[in-house]
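Read off the chains here:
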Amino acid sequence: MNILLVDDEELELIQLEYIMQAQFPNWQFYKAPDASLALQIATKTKISLAFLDIQMPGKSGIELAKELKKLYELDIIMVTAFQSFEYAQAALRIGVTDYVTKPIIESELLEILQKYRKSNSHNDAIQDVLEIIHEEYSEKLNLSVIASRIHMNSTYLSRKFQEELGIGFADYLNKYRLEMAKKFLLQNKEIAISVVAERAGFNSQHYFSVQFKKHFNMTPSEYRFIPKFLEGAT
C-alpha cells in the first residue's frame, strides 16, 4: 500500500514514517513538504492513504485533500495541532477519514491505523510472493523461480506485482533486504559488514555497500553508529 505523508516540518515526516514503517514494513512511503510536490507524487503513484498537515504554506491540508480526491478515491487522515470546529466541518465535507493530533502519540496513531492493516489486501498470489520474500530474503531469489513455485506465468506475476504494490519485484526485494540489513547493523555492532551483507541476501559486500549508500546516503559502517534518535531519518 502506498502512503503519502505531507508536512512542512521535516521532523514530523520523519516521525510518522518511523512509527509506521516498524509496524507496516510492506507499506511504501512517499514524503512531501507541501501540496505542490504531494500532487506531483499522487499523479505518478496511486496513493491509498494520505496523512496531511492542515496548516502548511501555500495550499492548506484541506485544499490539498480536495485536489487529491479529484484524482481518485483514497483515505485521508488529517494531522493537526488545532482543535477547530471549522476545520472538522470542512474535513468531514470532503470525506476525511480520521484525525491525528500533534504532538503525535505513537499508541494513538497505531490504534487509528489498525483499521487499515487489512485494507492492504493483495490477491493470494502476491501475498504468497511477499511471504516467500520475507521468509527467504537471505536466499537466492528471482521472480521466475518464485512464479514456478506458485504455478504462475512469470510475466503475468511481474505485472500484477507492480500493479498491486507500485514497485517492481527486484526493487522490492532489494529494498526489503536493505531494511533487514539496517536491523542487523544495529542489533550487533561487532558483526563484519561482509556478514551483514550475506545475511541480508547480498552476494557481494561491495554491491551491498553501494546500494546502502545509494538508498540511505551513508555507508553501512556510518549507519551502525548513528545516534538512536536519528535512525528514523534514514
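Not measured: the values here are computed from a predicted model.

A.B. asks: Just to check I follow, could you spell out the sheet that holds strand E3 (residues 49-53) for this structure?
C.D. replies: In space, the five strands of this open sheet follow the order E2-E1-E3-E4-E5, with parallel pairing throughout. Since the sheet does not close on itself, it has two edges, and those belong to strand E2 (28-32) and strand E5 (98-101), each with one partner. Looking at each pair of strands side by side, their axes are set apart by 20° on average, direction ignored. Relative to E3, strand E1 (residues 2-6) runs parallel, the two being bridged by four bridges. The residue of E3 that forms the bridge with leucine 4 is alanine 50. Sheet strands in contact with helix H1 (residues 10-23) are E1, E2 and E3, and its direction is about 175° off that of E2.

A.B. asks: So what exactly am I meant to see when it comes to the pattern of salt bridges here?
C.D. replies: Any two side chains of opposite charge can pair, so long as their charged atoms come close to each other. Throughout the structure, instances matching the rule amount to eight salt bridges. The salt bridge involving aspartate 53 is made with lysine 102; its shortest N-O contact spans 3.3 Å. Pair noted here: aspartate 53 is in strand E3 and lysine 102 is in the loop between E5 and helix H5 (106-117), with a separation of 49 residues, a long-range link. In this structure, the salt-bridge partner of lysine 160 is glutamate 163, at a minimum N-O distance of 3.5 Å. With lysine 160 and glutamate 163 both in helix H8 (residues 154-165), this residue pair falls three residues apart, about one helical turn.

A.B. asks: How do you make sense of a negative patch on the surface when you look at a structure like this?
C.D. replies: Residues Asp124, Asp128, Glu131 and Glu135 make up a contiguous surface patch of negative charge. Relative to the helices and strands, glutamate 135 resides in helix H6 (residues 124-136). For glutamate 135, a relative accessible area of 63% puts it in the exposed group.

A.B. asks: Whenever I open this one, unusual backbone geometry confuses me. Can you help?
C.D. replies: Only a minority of non-glycine residues have a phi that is not negative, and only a minority of peptide bonds are not trans. The omega torsion across lysine 102 and proline 103 is -5°, close enough to zero to call that bond cis. For histidine 151, which is not glycine, the phi torsion reads 60° and is therefore positive. Locating histidine 151 in the fold gives a position in the loop between helix H7 (143-149) and H8. Judged by its relative accessible area of 74%, histidine 151 is exposed. For asparagine 217, which is not a glycine, the phi torsion comes out positive at approximately 60°. Relative to the helices and strands, asparagine 217 resides in the loop between helix H11 (205-216) and helix H12 (220-223). In this structure asparagine 217 comes out as exposed when scored by relative accessible area, which is 64%.

A.B. asks: I tried to follow the confidence of the model for the protein chain on my own but got confused; where do I start?
C.D. replies: Predicted coordinates in regions of low pLDDT should not be interpreted in detail. Summing up the model confidence of the protein chain, the mean pLDDT is 85 and the portion of residues at 70 or higher is 88%. This stretch, residues 228-234, has a pLDDT under 50; its non-local contacts, to residues over four places away or in other chains, come to 12 contacts.

A.B. asks: Explanation requested: the pairing of E5 in the structure shown.
C.D. replies: Regular strands place their side chains on alternate faces of the sheet. Residues Asp98 and Val100 point to one face of E5 and are all buried, whereas Tyr99 and Thr101, pointing to the other face, are not buried. Taken together, the four bridges between strand E4 (residues 75-80) and E5 define a ladder with parallel strand orientation. Within E5, the position partnered with methionine 78 by the bridge is tyrosine 99.

A.B. asks: Where do I start with the packing of H6 against H8 in this structure?
C.D. replies: Two quantities define a packed helix pair, namely the angle between the axes and the distance from one axis to the other. As a packed pair, H6 and H8 sit with axes 10 Å apart at the nearest point and diverge in direction by 90°. Considering the angle they form, H6 stands roughly perpendicular to H8. Where H6 approaches H8, its residues Ile126, Val129, Leu130 and Ile133 are matched on the opposing element by Leu157, Lys160, Phe161, Glu164 and Leu165. Its residues placed into classes, the contact of H6 with H8 shows seven nonpolar, no polar and two charged.

What counts and how
- Residues numbered from 1 in each chain as written.
- Predicted model: local features only at pLDDT ≥ 70, side-chain atom pairs only at ≥ 80, totals over all residues.
- Heavy atoms only, no water.
- Pairing = 2+ DSSP bridges.
- Helix = DSSP H or I, 4+ residues; strand = E, 2+ residues; numbered from the N terminus.
- Axes fitted to C-alpha atoms, helices over the stretch in contact; angles between N-to-C directions.
- Contact = heavy atoms within 4.5 Å.
- Salt bridge = Lys/Arg side-chain N within 4 Å of Asp/Glu carboxyl O.
- Patch = residues over 30% accessible without salt bridge, like charges linked within 9 Å, V, L, I, M, F, W, Y side chains within 5 Å.
- Areas by Shrake-Rupley, 256 points an atom, 1.4 Å probe, with all protein chains shown as cover.
- Lys, Arg positive; Asp, Glu negative; His and termini not counted.
- Charge placed at Lys NZ, Arg CZ, Asp CG, Glu CD.
- Buried < 20%, exposed > 50% of the residue type's maximum accessible area, 1.4 Å probe, protein only.
- pLDDT = per-residue confidence, 0-100.
- Parallel < 35°, antiparallel > 145°, perpendicular 65-115°, else oblique.
- Nonpolar A, V, L, I, M, F, W, Y, C, P; charged D, E, K, R; others polar.

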